[in-house]
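# Structure assessment
Each chain, written out:
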Amino acid sequence: MRSNAQYRYTTFKVKEADTLLPFIQKSLNGISHNRAKAILTGGGVLVDKKITRAYDFALRPGMTVEISKSKPKTELRSNFVKLIYEDQHLVVIEKSIGILSMATSHHSLCVKTILDDYFHKCHIKERAHVVHRLDRDTSGLLIYAKTLEAEQILEHNWRDIVADRRYYALVSGQPQQPQGTVESWLKDNKAYFTYSSPNDPGGGKYAITHYRTIRTNGRYTLLELKLETGRKNQIRVHAQDLGCPVCGDIKYGNGDNPIGRLALHAFRLSFYHPITRQLLHFETECPKSFTRVFSK
């Protein structure tokens, strides 16, 4: 073992076959599982001079592993994107409001371009592949594939892979029932306005949203919403169906905007990893602005 002072790495020689994550724990005097994972996902491990982030990377005798316990030099620094999880197949990020999931003809800045720039700085050849999206003014958790294989599996098996998707929504008013299910057929008209119908209008898509009241003062209600289907504008239209539109929704709302933003946040995402099939679970806190209205 020798210290590489220039890069603040400690170098180890692999003496017997192993996998990378337990090798790191043993090499660094039994550090915690979570700490070893954080070093890996942060780009703090080189195997034979190449950054490696795969927990199960197979090590062979004679390989060189360099491990940095210091903060990785390359970090994802963005006001719009927070990196939650990363391996060689995908990333999970938390998106802020005010940015698109992917570029359009009118806007080039998006989560995808931020991730592509991050990968480039990390000397990663992969590029971010869009798997699902959130509206510009919706915050929360998103998956981006790093390989075409992962992207294809996620795209073609999305309903089977995703175990749980939930949102927080601050809505105007109070539902008649504290919890329940909204079911309807959704279809866009020629003006790209999504409308809801109890019966299939022809070409509509069936949508199911489960809701539960977390907190209410009569004027505003904080809802937890679980999607059984993932249709365009589903939550916003179903909130309108409840008679309690999402606050700050300029398209389907009633003009009530107490927090100066669309009050919709994707807080939970559980899914089976497209390659390893491991069940992964991620959750973020409810934005403080959503709960602040109840203390006024």
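For the structure, check the block above.
Residues numbered from 1 in each chain as written. Predicted model: local features only at pLDDT ≥ 70, side-chain atom pairs only at ≥ 80, totals over all residues. Heavy atoms only, no water.

## Quick word on the overall build of the protein
Stated precisely, the cut-off is as follows: Counting from the N terminus, the helices are the DSSP runs of H or I reaching at least four residues and the strands are the DSSP runs of E reaching at least two. Residue exposure (1.4 Å probe, protein chains only): buried if accessible area is under 20% of the type maximum, exposed if over 50%, otherwise partly exposed. For this analysis, residues touch if any pair of their heavy atoms sits within 4.5 Å.
Of regular secondary structure, the protein possesses seven helices and 18 strands. With respect to the principal axes defined by its C-alpha atoms, the protein has extents near 65 × 45 × 35 Å. Within the span of the protein, comprising 296 residues, buried residues form 49% of the whole. Within the protein, residue pairs in contact and separated by at least 24 positions form 61% of the contacts whose partners lie at least 6 positions apart.

## Points about the side chain of serine 139
The line we're drawing: Any N or O atom pair separated by 3.5 Å or less is treated as a polar contact, with the protein-specific requirement of one donor-capable and one acceptor-capable atom, and with residues adjacent in sequence counted only for side-chain atom pairs.
With respect to the helices and strands, serine 139 occurs in strand β11 (residues 139–145). The exposure class of serine 139 is buried, given its relative accessible area of 5%. A polar contact of 2.7 Å, which involves the side chain of serine 139, links it to the side chain of histidine 265. Those residues in contact with serine 139 that sit more than four places away from it in its chain are Lys95, Ser96, Ile97, Leu134, Arg261, Leu264, His265 and Ala266.

## Brief notes about the side chain of arginine 53
Summarising the element assignment, arginine 53 is placed in the loop between β5 (50–51) and β6 (58–59). Within the structure, the side chain of arginine 53 is placed 3.4 Å from the side chain of glutamate 86, a separation counted as a polar contact. Not counting the four nearest positions on each side in its chain, arginine 53 is found in contact with Leu40, Thr41, Gly42, Gly43, Glu86, Asp87, Tyr118, Cys122, Ile124 and Lys146.

## Re helix α3 (residues 111–121)
Among all positions in α3, only Val111, Ile114, Leu115, Asp116, Tyr118 and Phe119 are buried. The positive-phi residue at the C-terminal boundary of α3 is histidine 123, with phi of around 60 degrees.

## Structural notes on the packing of helix α1 (residues 20–27) against helix α2 (residues 33–41)
This is how the line gets drawn: Comment: axis = line fitted to C-alpha atoms, over the contacting stretch for helices; angle = value between 0 and 180 degrees taken between N-to-C directions. Each angle is binned into one of four classes, with values under 35 degrees roughly parallel, values over 145 roughly antiparallel, values of 65 to 115 roughly perpendicular, and all other values oblique. Two helices cross in a left-handed way if the nearer one is turned anticlockwise from the farther one by less than a right angle. They cross in a right-handed way if the turn is clockwise. Gly is placed with the polar residues, together with every amino acid not listed as nonpolar (Ala, Val, Leu, Ile, Met, Phe, Trp, Tyr, Cys and Pro) or charged (Asp, Glu, Lys and Arg).
At a minimum axis distance of 9 Å, the contact between α1 and α2 shows a crossing angle of 115 degrees. When the interaxial angle is binned, α1 and α2 end up roughly perpendicular. Considering how the two elements wind past one another, α1 and α2 form a crossing that is right-handed. Contact residues: α1 offers Leu20, Leu21, Ile24 and Gln25, while α2 offers His33, Ala36, Lys37 and Leu40. Of the residues in the contact of α1 with α2, the class split is five nonpolar, two polar and one charged.

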